[in-house]
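# A look at the structure
Chain by chain, the residues:
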Amino acid sequence: VQLQASGGGLVQAGGSLRLSCAASGRTFSSYAVGWFRQAPGKEREFVASVTWDDRPDYADSVEGRFTISRDNAKNTVYLQMDSLKPGDTAVYYCGTSAVFSSTVLQKPNAYNYWGQGTLVTVSS
């Protein structure tokens with residue numbers, strides 16, 4: 001399976017972006033999808049996930065500002081990011097996983113396929 005993350009860019013603080021994670025090679029309706037981000041000099045951190053049965057989970061730092069959703073007909077998962085802050089600046093990655101537990105999906109090693117990443121820059 002190949003994942004293509006897109007939608008990143010430069011936005012001012014308080015603005016919005018919508019990231020997309022499109023899968024090809026196989027349908028991912030039976031798999032969880034997660035978004036992680038990595039800022040320069042920092043480890044990859046969990047942002048949000050959605051299970052195969054559409055249960056979302058969010059990091060505390062983005063709860064209430066970000067929304068994850070999936071469109072299985074389009075083999076695409078979205079991350080709507082509102083009220084962006086400079087601290088959200090990072091490369092955002094999407095991944096797929098066969099894991100069912102939202103808790104386990106907060107760990108990068110739960111994922112077996114990753115997209116190439118898309119850069120989000122939030123200016124103050």
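Now for a quick tour of the structure.

Rules and cut-offs
- Residues numbered from 1 in each chain as written.
- Predicted model: local features only at pLDDT ≥ 70, side-chain atom pairs only at ≥ 80, totals over all residues.
- Heavy atoms only, no water.
- Helix = DSSP H or I, 4+ residues; strand = E, 2+ residues; numbered from the N terminus.
- Rg over C-alpha atoms; globule rule 2.2 N^0.38 Å.
- Buried < 20%, exposed > 50% of the residue type's maximum accessible area, 1.4 Å probe, protein only.
- Contact = heavy atoms within 4.5 Å.
- Areas by Shrake-Rupley, 256 points an atom, 1.4 Å probe, with all protein chains shown as cover.
- Lys, Arg positive; Asp, Glu negative; His and termini not counted.
- Charge placed at Lys NZ, Arg CZ, Asp CG, Glu CD.
- Phe/Tyr/Trp six-rings, centres within 6.5 Å; stacked < 30°, edge-to-face > 60°.
- Core = buried A, V, L, I, M, F, W, Y, C linked by side-chain atoms within 4.5 Å.

## Concerning the overall build of the chain
When helices and strands are tallied, the chain shows zero helices and 11 strands. Reading the secondary structure of the chain in the N-to-C direction produces β-β-β-β-β-β-β-β-β-β-β. The globule rule puts the C-alpha radius of gyration for 124 residues at 14 Å, and the 13 Å found for the chain is close to it. Expressed along its principal axes, the backbone C-alpha trace of the chain runs to roughly 40 × 25 × 25 Å. Evaluated residue by residue, the chain yields a buried proportion of 44% over its 124 residues. Pairs at least 24 apart in sequence give 58% of the contacts found in the chain among residues at least 6 apart. As presented, the chain carries roughly 6100 Å² of accessible surface, and 48% of it is formed by carbon and sulfur atoms. The distance from the centre of the 11 positive side-chain charges to the centre of the 10 negative ones in the chain is 5 Å.

## Describing the packing of aromatic side chains
Inspection of the entire model under this criterion finds five aromatic pairs. Residues Phe36 and Tyr111 carry aromatic rings whose centres are separated by 5.2 Å and whose planes lie at 80 degrees to one another, so their mutual orientation is edge-to-face. On the criterion of sequence distance, the pair formed by Phe36 in strand S4 (residues 32-38) and Tyr111 in the loop between strand S9 (90-97) and strand S10 (113-114) is long-range, its members being 75 residues apart. Neither residue differs from the other here; Phe36 and Tyr111 are each classed as buried. A centroid spacing of 6.3 Å and a plane angle of 55 degrees characterise the contact between Trp52 and Phe100, whose relative ring orientation is tilted.

## Points about the nonpolar core
If you look at the biggest cluster of nonpolar residues, it comprises 34 residues, and the most contacted ones within it are Trp35, Val47, Phe66, Ile68, Leu79, Met81 and Tyr92. Elements represented by at least two residues in this core include exactly strand S1 (2-6), strand S3 (17-24), S4, strand S5 (45-50), strand S7 (66-71), strand S8 (76-81), S9 and strand S11 (118-123). Apart from the residues within four sequence positions on either side, Leu79 is in contact with Leu17, Arg18, Leu19, Trp35, Val47, Ala48, Phe66, Thr67, Ile68 and Tyr92.

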